[in-house]
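# Understanding the architecture of this molecule
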Amino acid sequence: MTWTKETAFAKLQDIYTDKVMQDEKRRIFQQIYRHLYEHLDDLAVKTGMKEDAEKQLKLFKEYTFMPGDNLFQSMRYVFLIARGEKETDPNETERHLNRIYRALFQPAGLKNPYIPDSFWTTTLGVACLVAQEGVESVYFVLDEIVEDE
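Structural notes, computed from the coordinates. None of these values were measured; they are calculated from a predicted model.

### Quick look at the overall build of the protein
Looking only at helices and strands, one finds 7 helices and 0 strands in the protein. In sequence order, the secondary structure elements of the protein are arranged as α-α-α-α-α-α-α. Taking all 149 residues of the protein together, the buried fraction comes to 37%. In the protein, once contacts between residues fewer than 6 apart in sequence are set aside, the share between residues at least 24 apart is 63%. Only carbon and sulfur atoms are counted for the fraction: they give 53% of the accessible area of the protein, which is about 9500 Å².

Below is the structure:
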């Protein structure tokens with residue numbers, strides 16, 4: 001298929017439903033949560049999480065919402081751009097992208113995140129690519145999606 005910005009954003013709007021975005025937030029939350037506990041164990045403070053914090057994290061996972069400026073807000077931001085919302089400030093976009101990359105791909109001891117190629121075909125990866133490089137950068141993914149339909 002020959003893509004234009006308009007047809008690509010229309011397809012992305014069909015793909016990025018509220019349910020898809022919530023499921024992706026839950027998947028990412030689970031990864032971060034597991035990683036947090038692995039590091040607590042590394043520091044020999046596995047029981048260091050207070051019961052109130054545990055309850056709060058369970059609510060965050062269930063409702064895919066955290067108040068304040070956080071990873072969920074960054075994910076929401078790039079999802080909205082992938083759905084065709086106009087970028088308001090390139091610096092804000094960069095800040096949200098850096099938060100996502102750091103949270104998911106920056107191991108202790110490295111200054112910069114290492115992002116595997118496979119990330120760019122995930123739900124979040126495609127949204128990040130649109131936010132970072134424009135919708136034209138995901139035409140190849142849209143071709144694969146249309147092919148599979």
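### Some thoughts on the pattern of salt bridges
For the coordinates displayed, the defined rule picks out 5 salt bridges. When the shortest N-O distance is used, the salt bridge between R26 and D23 registers 3.7 Å. Placement of both R26 and D23 in helix α2 (residues 18–42) is noted, with a separation of 3 residues, approximately one turn of the helix. Overlapping salt bridges, with partners in common, bring together K19, D23 and R26 in one network.

### Quick look at helix α7 (residues 139–148)
Those residues of α7 lying buried are Y139, V141 and L142. Down the axis, α7 shows its buried residues gathered within 155° of arc, on one side only. Those residues of α7 that are exposed and angled more than 90 degrees off the buried face are E147 and D148. On its buried side, α7 packs onto α1 (5–15) and α6 (123–133).

### Some details on the side chain of E24
On the secondary structure map, E24 appears in helix α2. Residue classification places E24 among the buried positions, given a relative accessible area of 6%. A polar contact of 2.7 Å, which involves the side chain of E24, links it to the side chain of R27. Not counting the four nearest positions on each side in its chain, E24 is found in contact with M75, F79, T122, T123 and L124.

### Considering helix α5 (residues 90–105)
Relative to the 22 Å expected for 16 residues at 1.5 Å per residue, α5 spans 22 Å between its end C-alpha atoms, a close match to the ideal helical length. By the N-cap criterion, in which a side-chain oxygen at the helix start approaches the backbone nitrogen of a residue two or three places on, α5 is capped by D89, the distance to N91 being 3.1 Å.

### Points about the packing of helix α4 (residues 71–82) against α5
Here α4 crosses α5 at 120°, and the two axes come no closer than 9 Å. Between α4 and α5, the angle falls in the class oblique. Every pair of crossing elements has a handedness; the one defined by α4 and α5 is left-handed. The residues of α5 that touch α4, namely those facing L71, Q73, S74, M75, Y77, V78 and I81, are E92, T93, H96, L97, R99, I100 and A103. Across the contact of α4 with α5, the residue classes break down as 8 nonpolar, 4 polar and 2 charged.

Thresholds, definitions, all that
- Residues numbered from 1 in each chain as written.
- Predicted model: local features only at pLDDT ≥ 70, side-chain atom pairs only at ≥ 80, totals over all residues.
- Heavy atoms only, no water.
- Helix = DSSP H or I, 4+ residues; strand = E, 2+ residues; numbered from the N terminus.
- Buried < 20%, exposed > 50% of the residue type's maximum accessible area, 1.4 Å probe, protein only.
- Contact = heavy atoms within 4.5 Å.
- Areas by Shrake-Rupley, 256 points an atom, 1.4 Å probe, with all protein chains shown as cover.
- Salt bridge = Lys/Arg side-chain N within 4 Å of Asp/Glu carboxyl O.
- Arc of directions from axis to C-beta.
- Polar contact = N/O pair within 3.5 Å; in protein donor to acceptor, adjacent residues only side chain to side chain.
- Expected span 1.5 Å × (residues − 1).
- Axes fitted to C-alpha atoms, helices over the stretch in contact; angles between N-to-C directions.
- Parallel < 35°, antiparallel > 145°, perpendicular 65-115°, else oblique.
- Left-handed = near helix turned anticlockwise from the far one by under 90°.
- Nonpolar A, V, L, I, M, F, W, Y, C, P; charged D, E, K, R; others polar.

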